[in-house]
Amino acid sequence: MEEGGRDTEKAEVMELLEEILIEILLRLPLKSLLKFKTVCKSWRSIINSPKFIKEHLNHAHATHYNQHKDFLGLLIPSWDASSRCVMYKEMSDDIVHAKQFDFPYQLPASPHERIPVRVCNFCNGLICFNMFGRGILLWNPSFPLEYKIIRNSQLDIGFTLMGYDSSTDDYKIVSIPSYSSNERFARRCFFVEVFSLKSSSWRKKEISKNFFTYNICQLTGIYTRNHLHWTATRNFDENDVTELIVYFDLVEERLDHVILPTSYNDWTLLIYKECFGIVGANSEGQGELWVLQDYCGIKSSWNKIFKIAPPGIGVPYHSCFTRTGEILVHNGDLGLRFYDIKDGRFKNVVIQGDNITNENAFYASPYVESLVSLRLCL
């Protein structure tokens, strides 16, 4: 065989070996990949490449519900100077084990200078925090020293969510300024501001004069499949206040709303197998799960999946179904519990961690670890 032919064959073998290596690495947990980055320069180059990071994230999402790789992310902000946040990993036993992280941004230690820190939402391993008066902080706990603080023209950002626009491979933050200091949870939405991490700039998106305004009910929301969702009310007239779901399409950068599939006194948002859904308590106090099939404004269609609980269990907070078919619920003095939709049984949430209590003030949503680095990928 000629020299050129041997070189070609060798190159093909090396390329095949790299493809096999990549396929193996894609199936490894994040903790292992972070260690393997120190093996050699070629492995580090592969793991740090934007293509690998995206493929590993897609694989993590695909296996989230059928392998032992799912997390139930619970963040409880601390109001002391350390401002610790906590993430709970769901284990196979009846105990939820706490994993603590030091908040990456140094906040004032003086009680008179304390800054409220609110968890906005999760997206692809990133956590979005609203540090009222100090900007928005993005952080991936897998890279403790990397974070990004984003500021805009609004000193008091009343409502903020972050999501991923798959059409442009860009992370976007949607912010609605606060207009009323007296109404903590009511924010009139006349325009939204959109921040692009790729361009590192804000854009104002005016809402058409023919479009109505919303009163935002909660300061947290849910991201899934290029859409941000949150709860709101609308005054159709003086005597008609309607609860609804507002969503922002990150691809089209369009604001719209969805009417609830039926009337509920108590309901909440959640994610069911990567789809947006709600759980509402019917007139008998029984929880019903609905999944949004199509985003078509008021013509959007819902699909009723099943009833998930007997009467009186309470409605879940922002949460998700776990790999084992459980859902996090909260019921007054009983606190947090897992409800198994298969056998209709409950198990108490026993939290193991330093000075961690079963509090009402938390944010819960699916969480998938990722290699998304604010330094390398954005």
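Residues numbered from 1 in each chain as written. Predicted model: local features only at pLDDT ≥ 70, side-chain atom pairs only at ≥ 80, totals over all residues. Heavy atoms only, no water.

**Student:** What is the right way to read the overall build of the protein from this model?
**Tutor:** Secondary structure summary: the protein contains four helices and 26 strands in total. Looking at the protein as a whole, 51% of its 378 residues qualify as buried. Nonlocal contacts in the protein, meaning residues at least 24 apart in sequence, comprise 50% of its contacts between residues at least 6 apart. Approximately 18700 Å² of the protein is accessible, and the part contributed by carbon and sulfur atoms is 50%. (Helix = DSSP H or I, 4+ residues; strand = E, 2+ residues; numbered from the N terminus. Buried < 20%, exposed > 50% of the residue type's maximum accessible area, 1.4 Å probe, protein only. Contact = heavy atoms within 4.5 Å. Areas by Shrake-Rupley, 256 points an atom, 1.4 Å probe, with all protein chains shown as cover.)

**Student:** In this structure, what is going on with the nonpolar core? I would like to understand it.
**Tutor:** The nonpolar side chains of a soluble globular protein tend to be buried, and buried together. Within the largest apolar cluster, 48 residues are counted, with the highest numbers of intra-cluster contacts made by Phe52, Trp230 and Phe248. With near-sequence residues (within four places) excluded, Phe248 lies in contact with Val174, Val192, Val194, Asn226, His227, Leu228, Trp230, Glu253, Arg254 and Leu255. (Core = buried A, V, L, I, M, F, W, Y, C linked by side-chain atoms within 4.5 Å.)

**Student:** How should unusual backbone geometry be read in this particular structure?
**Tutor:** Outside of glycine, negative phi angles account for most residues, and trans bonds account for most peptide bonds. The backbone phi angle of Ser200 is positive, close to 55°, even though this residue is not glycine. Residue placement: Ser200 occurs in the loop between strand 10 (191-196) and strand 11 (201-206). Owing to a relative accessible area of 44%, Ser200 belongs among the partly exposed residues under this scheme. A positive phi angle is found at Glu253, which is not glycine, with a value near 50°. In this structure, Glu253 sits in the loop between strand 15 (240-249) and strand 16 (254-259). A relative accessible area of 13% places Glu253 in the buried class.

**Student:** What should I look at first to understand the sheet that holds strand 7 (residues 147-150) in this one?
**Tutor:** Strand pairing within a sheet occurs via backbone hydrogen bonds; the two strands may be parallel or antiparallel. The sheet built from four strands is open, its strands ordered 4-5-6-7 with antiparallel pairing. Each edge of the sheet is formed by a strand with only one pairing partner; in this case those strands are strand 4 (117-123) and strand 7. Across the sheet, the mean angle from the axis of one strand to that of its neighbour is 20°, orientation sign disregarded. Of the strand pairs in this sheet, strand 4 and strand 5 (residues 126-131) are connected by six bridges, and their pairing is antiparallel. By the bridge assignment, Cys123 is partnered in strand 5 with Leu126. (Pairing = 2+ DSSP bridges. Axes fitted to C-alpha atoms, helices over the stretch in contact; angles between N-to-C directions.)

**Student:** Help me understand the environment of Tyr171 in this model?
**Tutor:** Along the chain, Tyr171 falls in strand 9 (residues 170-177). Taking the C-alpha atoms as reference points, Tyr171 and Asn124, separated by 47 residues in sequence, lie 9.8 Å from one another. At 3.1 Å, the side chain of Tyr171 and the side chain of Asn124 are in polar contact. (Polar contact = N/O pair within 3.5 Å; in protein donor to acceptor, adjacent residues only side chain to side chain.)

**Student:** I keep staring at the packing of aromatic side chains and nothing clicks. Help me out?
**Tutor:** One pair of aromatic rings is described through two measures. These are the centre distance and the angle between the planes. Overall, the coordinates contain eight aromatic pairs when judged by the stated rule. Ring centres 4.8 Å apart and planes at 45° place the aromatic pair Tyr164 and Tyr171 in the tilted group. An identical accessibility class is assigned to Tyr164 and Tyr171; each is buried. Judged by centre distance (5.1 Å) and plane angle (70°), the rings of Tyr247 and Tyr295 are edge-to-face. Separated by 48 residues along the polypeptide, Tyr247 in strand 15 and Tyr295 in the loop between strand 19 (287-294) and strand 20 (301-307) bring together distant segments of the chain. Tyr247 sits in the buried class, given a relative accessible area of 0%. On the basis of relative accessibility, which here comes to 23%, the residue Tyr295 falls in the partly exposed class. (Phe/Tyr/Trp six-rings, centres within 6.5 Å; stacked < 30°, edge-to-face > 60°.)

**Student:** Help me understand the environment of Leu145, please; the structure alone is not making it clear to me.
**Tutor:** Residue position: Leu145 is located in the loop between strand 6 (135-139) and strand 7. Exposure remark for Leu145: the relative accessible area of 80% places this residue in the exposed category. Residues Leu145 and Phe103 lie 42 residues apart in sequence; the distance between their C-alpha atoms is 9.8 Å.

**Student:** Looking at this model, I keep getting lost on the pairing of strand 11. Mind explaining?
**Tutor:** A regular strand places its side chains so that they alternate between the two faces of the sheet. Bridge count between strand 10 and strand 11: six bridges; the pairing is antiparallel. If you follow Val192 over to strand 11, its bridge partner there is Lys205. The turn joining strand 10 and strand 11, which pair antiparallel and follow one another in sequence, is formed by four residues; a positive phi near 55° is taken by Ser200.

**Student:** What's the story with a nonpolar patch on the surface in this structure? I'm lost.
**Tutor:** Taken together, Leu17, Ile20 and Ile24 make up a surface patch of nonpolar side chains, about 270 Å² in accessible area. Relative to the assigned elements, Leu17 resides in helix 1 (residues 3-26). Residue classification places Leu17 among the partly exposed residues on the basis of a relative accessible area of 47%. (Patch = residues over 30% accessible without salt bridge, like charges linked within 9 Å, V, L, I, M, F, W, Y side chains within 5 Å. Salt bridge = Lys/Arg side-chain N within 4 Å of Asp/Glu carboxyl O.)

**Student:** In this structure, what is going on with the environment of Gly133? I would like to understand it.
**Tutor:** Topologically, Gly133 is positioned in the loop between strand 5 and strand 6. On a C-alpha basis, the gap between Gly133 and Arg151 in space is 9.1 Å, while along the polypeptide they are 18 residues apart.

**Student:** Explanation requested: the packing of helix 3 (residues 41-48) against helix 4 (residues 50-62) in the structure shown.
**Tutor:** Axis angle and axis distance: for two packed helices, these are the angle between their axes and the distance between the axes, and together they describe the pair. The contact between helix 3 and helix 4 brings their axes to 5 Å, and the two run at 60°. Taken as axis vectors, helix 3 and helix 4 run oblique relative to one another. Note on element contacts: helix 4 touches helix 3 through Pro50, Phe52 and Ile53, opposite Ile46, Ile47 and Asn48. Of the residues that constitute the contact of helix 3 with helix 4, the class distribution is five nonpolar, one polar and no charged. (Parallel < 35°, antiparallel > 145°, perpendicular 65-115°, else oblique. Nonpolar A, V, L, I, M, F, W, Y, C, P; charged D, E, K, R; others polar.)

Note that all results are geometric; they support no functional claim without further evidence.
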